[in-house]
Amino acid sequence: MSRIEEFPISEKLGKEFIEKNKKKWKEKENTKEYIYINLSMVRMQVSWIIPKLVYAKGIEEETGAKPVVLLWRENKLLESFFESFGVDYIAIDSLIKKDFGAFIIALTKTLGLCLRGGDGENIKKIRMCDFNVGMYIYEDILRTSELSTIKKVQNKICIKKCMHILWAAYGLYHLCKKQKPLIAVADDLAYHEGVFIKIFKKCGAKIYASSFIAEEEVILDTEYNIERRMLRSNRKICSKLDSVPENALAWTDQYLEEKFHGNAGKELDRGAFKDKITLSRKEVQQKLGLDVTKKNVVIMAHTFTDAVFNYGDYYFRDYYDWVEKTLAIASQEKSVNWILKPHPTRSAYNEEKDSIENLFEKYRQKNMYLLSDDVSAESIRFIADVIITIGGSAGGEFACFGI
């Protein structure tokens with residue numbers, strides 16, 4: 001891993017922007033409170049970071065608090081880039097190297113985890129102060145490593161990442177005790193950023209999310225649990241179901257058609273559907289050799305490493321564990337065709353390429369089939385009698401087609 005923060009911009013262009021941008025912002029006398037802009041989960045492209053900086057400058061205008069950027073490593077060009085907005089800059093890795101107390105606490109907790117052993121459930125139980133941080137650490141490990149699940153705590157990846165995130169978390173907590181956060185601007189609500197959000201809230205800050213999805217206040221309950229956007233959206237939609245006008249149904253059909261052809265939704269979703277093969281029921285029967293006398297049950301796998309606890313904790317260790325246990329049950333049931341469909345965006349989430357294929361081969365029976373990545377998920381609407389899933393949009397989307 002590079003010890004310099006990546007910033008994919010030419011030095012010439014960066015310096016030209018910096019010189020011009022300096023003239024846009026006036027010097028301000030700030031209070032002793034701070035606006036922390038957490039960029040530790042953000043790609044350092046200017047299109048991602050400028051909106052957050054401008055958003056924080058607007059908060060500064062209203063509150064008089066001082067904006068400070070947080071990210072992992074140092075980069076002189078990035079430092080000058082932030083300074084051109086009148087924003088300070090803290091590299092977390094440099095900060096925690098000076099915090100021996102944070103190191104000792106993190107080391108103690110990590111050693112305790114190693115002594116307890118077990119699987120990923122023990123990571124999920126890690127706490128700091130008076131709140132849980134383990135679920136976010138677990139997510140971060142999956143998102144930033146080749147692991148698709150954590151079957152054993154005592155391995156190099158888990159130990160190293162638990163230690164690093166806890167060291168950073170306690171270092172940030174000690175910083176916030178000295179430099180009081182009034183506002184924290186977050187991007188994602190998962191992974192290690194979820195840990196940082198809880199720390200900011202514990203230290204009295206209001207939390208706002210600024211991303212391509214929305215700019216909004218992040219809600220935390222009395223146990224510092226973050227209410228993720230998906231849950232809030234689901235509740236809002238359910239409260240308005242009775243008032244949905246008839247013409248909205250036609251719009252929904254059109255949107256789903258566009259999404260399945262890669263022409264709607266986020267860029268990531270478009271890439272998942274575009275240029276894929278759409279097959280009819282008969283074509284799938286021929287391609288896979290299905291028993292035409294049996295019903296088709298499609299198991300829609302979620303991405304193994306994408307914000308695993310987006311819907312909170314559940315009865316399975318993670319998404320991988322759910323797929324494995326579901327396939328184990330399917331292998332005992334002979335009365336239907338079981339069709340496993342990997343998630344169309346799995347390659348974008350650092351998921352080990354053949355992990356789901358290996359799982360499938362482990363439990364495979366004559367009535368179990370794997371639908372390859374080159375087949376569009378749109379085909380599911382033509383072949384599925386039943387869909388089984390743990391999360392994501394498939395449950396709602398294919399219900400619209402009467403499945």
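Residues numbered from 1 in each chain as written. Predicted model: local features only at pLDDT ≥ 70, side-chain atom pairs only at ≥ 80, totals over all residues. Heavy atoms only, no water.

Colleague: In this structure, what is going on with the packing of helix α7 (residues 134-143) against helix α8 (residues 156-178)? I would like to understand it.
Modeller: Helices that pack against each other are described as a pair by the angle of their axes relative to one another and the distance between those axes. Interhelical geometry of α7 versus α8 gives an angle of 125° and a closest axis separation of 10 Å. Taken together, the axis directions place α7 and α8 in an arrangement best described as oblique. Note on packing geometry: the crossing formed by α7 with α8 is right-handed. Taking contact as the criterion, the partners of Ile137, Asp140 and Ile141 in α7 are, on α8, Ile157, Cys158, Lys161, Cys162, Ile165 and Leu166. Along the lines of polarity and charge, the residues of the contact of α7 with α8 split into 7 nonpolar, no polar and 2 charged. (Axes fitted to C-alpha atoms, helices over the stretch in contact; angles between N-to-C directions. Helix = DSSP H or I, 4+ residues; strand = E, 2+ residues; numbered from the N terminus. Parallel < 35°, antiparallel > 145°, perpendicular 65-115°, else oblique. Left-handed = near helix turned anticlockwise from the far one by under 90°. Contact = heavy atoms within 4.5 Å. Nonpolar A, V, L, I, M, F, W, Y, C, P; charged D, E, K, R; others polar.)

Colleague: Help me out: how do you make sense of the sheet that holds strand β7 (residues 206-210) in this one?
Modeller: Sheet strands pair via backbone hydrogen bonds, and the direction of the pair is either parallel or antiparallel. The 6 strands are arranged β3-β2-β1-β6-β7-β8 in an open sheet whose pairing can be described as mixed. Strand pairing shows two members of the sheet lacking a second neighbour, β3 (88-91) and β8 (215-217), which therefore form its edges. For this sheet, the mean angle separating the axes of adjacent strands, direction not counted, is 25°. Pairing geometry for strand β1 (residues 34-38) and strand β6 (residues 181-186), over 4 bridges, is parallel. Counterpart to Tyr36 in the pairing with β6 is Ala184. (Pairing = 2+ DSSP bridges.)

Colleague: In this structure, what is going on with the nonpolar core? I would like to understand it.
Modeller: One recurring pattern in soluble globular proteins: nonpolar side chains tend to sit buried together. Counting 73 residues, the largest nonpolar core has Ile123, Met128, Ile137, Val195, Ile199, Phe200 and Ile207 as its most contacted members. A total of 13 residues in this core trace back to one element, the largest contributor, which is α8. In contact with Ile199, other than residues within four places in its own chain, are Met128, Phe131, Ala169, Leu172 and Tyr173. If you look at the next biggest cluster of nonpolar residues, it comprises 25 residues, including Val42, Ala56, Val87 and Ala91. (Core = buried A, V, L, I, M, F, W, Y, C linked by side-chain atoms within 4.5 Å. Buried < 20%, exposed > 50% of the residue type's maximum accessible area, 1.4 Å probe, protein only.)

Colleague: What should I look at first to understand the sheet that holds strand β11 (residues 368-370) in this one?
Modeller: Pairing within the open sheet is parallel, and its 4 strands lie in the order β11-β10-β9-β12. In this open sheet, the two edge strands, each paired with only one partner strand, are β11 and β12 (386-389). Each strand axis lies, on average, 25° off the axis of its neighbour in the sheet, ignoring direction. Across 3 bridges, the pairing between strand β10 (residues 337-341) and β11 is parallel. Its bridge partner lying in β11, Ile339 is registered against Tyr369. The strands that helix α14 (residues 319-330) touches are β9 (296-300), β10, β11 and β12; relative to β9, the one it contacts most, it runs at about 160°. Strand contacts of helix α15 (residues 355-363): β10 and β11, with the helix running at about 165° to β11, the strand carrying the most contacts.

Colleague: I would appreciate a short explanation of the packing of aromatic side chains in the present structure.
Modeller: Working definition: an aromatic ring pair is given by the centre-to-centre distance plus the angle between the planes. What the rule picks out here adds up to 19 aromatic pairs. Judged by centre distance (5.4 Å) and plane angle (25°), the rings of Tyr36 and Phe200 are stacked. Here the residue Tyr36 occupies a position in strand β1, and Phe200 occupies one in helix α9 (residues 191-202), the gap between them amounting to 164 residues. With respect to class, Tyr36 is no different from Phe200; both count as buried. Geometrically, the ring pair formed by Phe260 and Phe398 is stacked, given 5.6 Å between the ring centres and 25° between the ring planes. Of this pair, Phe260 sits in helix α11 (residues 247-260) while Phe398 is found in helix α17 (residues 394-399), placing the two residues 138 residues apart along the sequence. Three or more aromatic residues link up through ring pairs in this structure, and these residues are Phe7, Phe17, Trp25, Phe81, Phe82, Phe85 and Tyr89. Just above the ring of Tyr138 sits the side chain of Lys124; from NZ or CZ to the centre is 5.9 Å. (Phe/Tyr/Trp six-rings, centres within 6.5 Å; stacked < 30°, edge-to-face > 60°. Lys NZ or Arg CZ within 6 Å of the ring centre and 35° of its normal.)

Colleague: Sorry if this is basic, but what is going on with helix α1 (residues 11-22) here?
Modeller: Structurally, the α-helix is built with 3.6 residues per turn, so residues lying three or four positions apart point the same way. With 12 residues, α1 extends 16 Å from end C-alpha to end C-alpha; this agrees with the ideal 16 Å at 1.5 Å per step. Looking at the packing, one finds that the buried side of α1 touches α3 (76-83). (Expected span 1.5 Å × (residues − 1).)

Colleague: So what exactly am I meant to see when it comes to unusual backbone geometry here?
Modeller: If a residue is not glycine, its phi is most likely negative; likewise, a peptide bond is most likely trans. Despite not being glycine, Cys129 has its phi angle at roughly 50°, a positive value. Looking at where Cys129 falls in the secondary structure, it is placed in the loop between β4 (127-128) and β5 (131-132). Of the residues examined, Cys129 reaches a relative accessible area of 36% and is grouped as partly exposed. A positive phi is found at Tyr191, a non-glycine position, where the angle reads about 55°. Inspection of the secondary structure puts Tyr191 in helix α9.

Colleague: Can you help me understand the pairing of strand β2 (residues 66-71) in this one?
Modeller: Regular strands place side chains that alternate from one sheet face to the opposite one. Of all 6 residues that make up β2, 6 are buried, and the element is covered over most of its length. Every second residue of β2 is oriented toward a common face, with Lys66, Val68 and Leu70 on one face and Pro67, Val69 and Leu71 on the other, all of them buried. Summarising the sheet, β1 and β2 pair through 5 bridges and their orientation is parallel. What sits directly across from Ile37, in β2, is Val69. On the question of chirality, the crossover connecting β1 to the parallel β2 by way of helix α2 (residues 46-63) is right-handed. Bridge count between β2 and β3: 4 bridges; the pairing is parallel. Bridge pairing in β3 links Leu70 to Ile90. Traced from β2 through α3 to β3, the parallel crossover comes out right-handed. (Right-handed = clockwise from strand over helix to strand, strands pointing away.)

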